[in-house]
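Structure assessment
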Amino acid sequence: MNGCNYIKFIEFINSARGYSIVRGVMNIQQQLYITGKITEMPRSFREILKINKVNFLKTITSLTSATPKLMADFIACNIQENQTQHVTIKSSDSAHSLGVMLHSSQLVVFDPNNGYFYFNVLVNSYHKVARGFLEHLLIKYYNQYRIVVVDSYAL
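The following paragraphs examine the structure supplied in this document. (Residues numbered from 1 in each chain as written. Predicted model: local features only at pLDDT ≥ 70, side-chain atom pairs only at ≥ 80, totals over all residues. Heavy atoms only, no water.)

Considerations on the overall build of the protein chain
- Of the regular secondary structure elements, the protein chain holds five helices and six strands.
- Expected size for 155 residues packed as a compact globule is a radius of gyration near 15 Å; at 15 Å, the protein chain falls within 12% of this value.
- Each of the 155 residues in the protein chain was classed as buried or not, and the buried ones make up 40%.
- Considering only contacts within the protein chain whose residues lie at least 6 apart along the sequence, 58% involve residues at least 24 apart.
- Carbon together with sulfur atoms contributes 56% to the accessible area of the protein chain, which is approximately 8800 Å² in total.
- If the 15 positive side-chain charges of the protein chain are averaged to one point and the 9 negative ones to another, these points end up 2 Å apart. (Helix = DSSP H or I, 4+ residues; strand = E, 2+ residues; numbered from the N terminus. Rg over C-alpha atoms; globule rule 2.2 N^0.38 Å. Buried < 20%, exposed > 50% of the residue type's maximum accessible area, 1.4 Å probe, protein only. Contact = heavy atoms within 4.5 Å. Areas by Shrake-Rupley, 256 points an atom, 1.4 Å probe, with all protein chains shown as cover. Lys, Arg positive; Asp, Glu negative; His and termini not counted. Charge placed at Lys NZ, Arg CZ, Asp CG, Glu CD.)

What follows is the structure in structure tokens.
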């Protein structure tokens, strides 16, 4: 999975190995949450990805006490072409993850609860498209969350 090849990424996620890694991450994070070790989640997630040659680049400073509109704008402004953003949205007692990727004029948003959303975008319009869709998603499904953290990865 070297490089920034979205097709290979989708093939990997749809493979038995990819599915087991995603399921493993979710199981580990659930156990960390249950045992009160929620602060260990980012480290465990990054270690699993590192073993599978997904490179962590950086964490963008989190936004707290935000409305869905501010959260959507924050996420959209941190989308980088040819990188994958792992977005964590959370409240004081729960959290949810989203994946966002911009590659070859296609914006992809992955929500584990709702699936993949694909948008063909012009280079100068993807922030507007992402902002609008993410705000809709946050209001409709995840309005209880007010904290957002964006991690960037390269495949």
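Things to note about the environment of Ala 95
- By the secondary structure assignment, Ala 95 is in strand β3 (residues 95-103).
- Taking the C-alpha atoms as reference points, Ala 95 and Ile 147, 52 residues apart in sequence, are found 9.1 Å from one another.
- Once residues lying within four places of it in the same chain are set aside, the contact partners of Ala 95 are Thr 88, Ile 89, Lys 90 and Tyr 145.

Side note on the pattern of salt bridges
- Tallied over the full model, the rule gives two salt bridges.
- Among the salt bridges present, the one from Glu 40 reaches Arg 43, with a minimum N-O distance of 2.9 Å.
- With relative accessibility at 31%, the residue Glu 40 sits in the partly exposed group.
- For Arg 131, the salt bridge identified is with Asp 73, shortest N-O distance 2.5 Å. Of this pair, Arg 131 sits in helix α5 (residues 126-141) while Asp 73 is found in helix α4 (residues 68-77), placing the two residues 58 residues apart along the sequence.
- On the basis of relative accessibility, which here comes to 29%, the residue Arg 131 falls in the partly exposed class. (Salt bridge = Lys/Arg side-chain N within 4 Å of Asp/Glu carboxyl O.)

Quick look at the environment of Pro 68
- Here Pro 68 shows up in helix α4.
- Judged by relative accessible area, which is 9%, Pro 68 ranks as buried.
- In sequence terms Pro 68 and His 136 are 68 residues apart; their C-alpha atoms lie 8.3 Å from each other.

Side note on helix α2 (residues 16-34)
- Helix length check: α2 (19 residues) gives 27 Å between terminal C-alpha atoms against 27 Å at 1.5 Å per residue, within 8%.
- Gly 36 sits one or two residues past α2 and shows a positive phi near 80 degrees. (Expected span 1.5 Å × (residues − 1).)

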